[in-house]
Amino acid sequence: MTETRGRQLLPGQTSRVHVYDVEARTSRLVFESDTVLVEAPNVLDADSLVLNGNGDLWLLRLPAADTATVLDESALVPVPMDGVDEINNDHVLDPSGTSIVVSARNGELYRVPLPAGGATTQITDAAAALPVTRKYYLHGIAPDGSSLAAIVGELSEDGVWTTDVAMVDATTGETTFVTRDEHPDDGCTIAADGTLLWNTERFTPGTAQLATLRPGADDPVRLTNDDRVDWFPHLSPDAAHLLYLSYEPGVQGHPADHPVELRLLPGSLVRGARIAVLPETLVALEGGQGTVNVPPWAPDSTWFAYCDYPVAR
């Protein structure tokens, strides 16, 4: 029997990809499949997305905006990853557009050429942390491509699992921890000015909220403050908008197949503005895990891509 790779669809479930026009506040369905569960879209350019599915990396050429075409799994173009057995949904495009860094199931980070794929370069060496078991989960890349914003998970000899924010040298894999404590952290990205954004339970134990840490600062600043569970902050390239994923109160982690909302806040909050503003819900959907794990914005900041996973009732 062949072992399945990656997340699989539930009975009666489909995986879908949408693009959202921020100015028009409208969403367009571009992909739907009842055989392949795709996740975590990156926007390669105005016409192309990169996703993962079945443990592999795929390129999807978008249909023209003036058509009602909805693509299916036959439109997915594989991106070969020599030497990488299976990846998860933590992958981020290099600013050059010529490669992507992926998080493999073995806990390491690899660089893969785009769009053709092929020979990969291993960046990290998790085994160097032994006897501690270490895994890297990538969520952001500095605008100059020199460093990676990652979450580092570690399982100690005592069986204690921690997740911390770290910066990883994109060439050597040298890891510099930003946090080193008992608070669960995840979804770390990096803005053009070096500001870090992530979700953390340091403010309200058991409830993830968004935080930011500006260059030179010592303590993270809280960005969201409500009873919802907020994950995966993504600042638009022009820094005007902060997109994030929001679960209902009480949800633990970032599970799949939940009612979730994609919410928007002014990007000025990340730059230190202290304004009273309520988040705007752009889309309510069935998803969570896989919806916007990684940066989903188009380079011109006018649209983003996301996934949902409805089940026929």
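Residues numbered from 1 in each chain as written. Predicted model: local features only at pLDDT ≥ 70, side-chain atom pairs only at ≥ 80, totals over all residues. Heavy atoms only, no water.

Asker: I'd like to hear about the overall build of the chain, residue by residue, with values.
Answerer: Within the chain, the regular secondary structure consists of zero helices and 25 strands. Against the compact-globule benchmark of 20 Å for 313 residues, the chain has a radius of gyration of 18 Å, which places it among compact chains. Along the three orthogonal principal directions, the C-alpha set of the chain runs to about 50 × 50 × 40 Å. Out of the 313 residues belonging to the chain, those deemed buried represent 53%. Across the chain, every contact between residues at least 6 apart in sequence was considered, and the portion connecting residues at least 24 apart equals 46%. Computing the positive centroid from 19 side-chain charges and the negative centroid from 45, the chain places the two 4 Å apart. (Helix = DSSP H or I, 4+ residues; strand = E, 2+ residues; numbered from the N terminus. Rg over C-alpha atoms; globule rule 2.2 N^0.38 Å. Buried < 20%, exposed > 50% of the residue type's maximum accessible area, 1.4 Å probe, protein only. Contact = heavy atoms within 4.5 Å. Lys, Arg positive; Asp, Glu negative; His and termini not counted. Charge placed at Lys NZ, Arg CZ, Asp CG, Glu CD.)

Asker: Outline the sheet that holds strand E24 (residues 280-287), supporting the account with residue identities and numerical values.
Answerer: Reading across the sheet, the four strands line up as E21-E22-E23-E24 and stay open at both edges, with antiparallel pairing between neighbours. The sheet terminates laterally at strand E21 (229-235) and E24, the two strands that pair on one side only. Put simply, the sheet's adjacent strands are angled 25° from each other on average, direction ignored. Here strand E22 (residues 241-247) runs beside strand E23 (residues 258-266); their pairing, made up of seven bridges, is antiparallel. Looking at the pairing, Leu-245 lines up with Leu-262 of E23. (Pairing = 2+ DSSP bridges. Axes fitted to C-alpha atoms, helices over the stretch in contact; angles between N-to-C directions.)

Asker: Just give me the short version of the pairing of strand E18 (residues 196-200), but keep the residues and values in it.
Answerer: Most of E18 sits out of view: five of its five residues are buried. Of the two faces of E18, the one holding Leu-196, Trp-198 and Thr-200 and the one holding Leu-197 and Asn-199 are both buried throughout. Bridge analysis of strand E17 (residues 185-190) against E18 gives four bridges, and the strand direction is antiparallel. Paired with Asp-186 across the strands is Asn-199, a residue of E18. Taken together, E17 and the strand that follows it, E18, pair antiparallel across an intervening segment of five residues, in which Gly-194 is found at a positive phi of about 90°. Bridge count for E18 against strand E19 (residues 209-213) is five bridges, and the pairing is antiparallel. Residue pairing across strands places Thr-200 opposite Gln-209, the latter belonging to E19.

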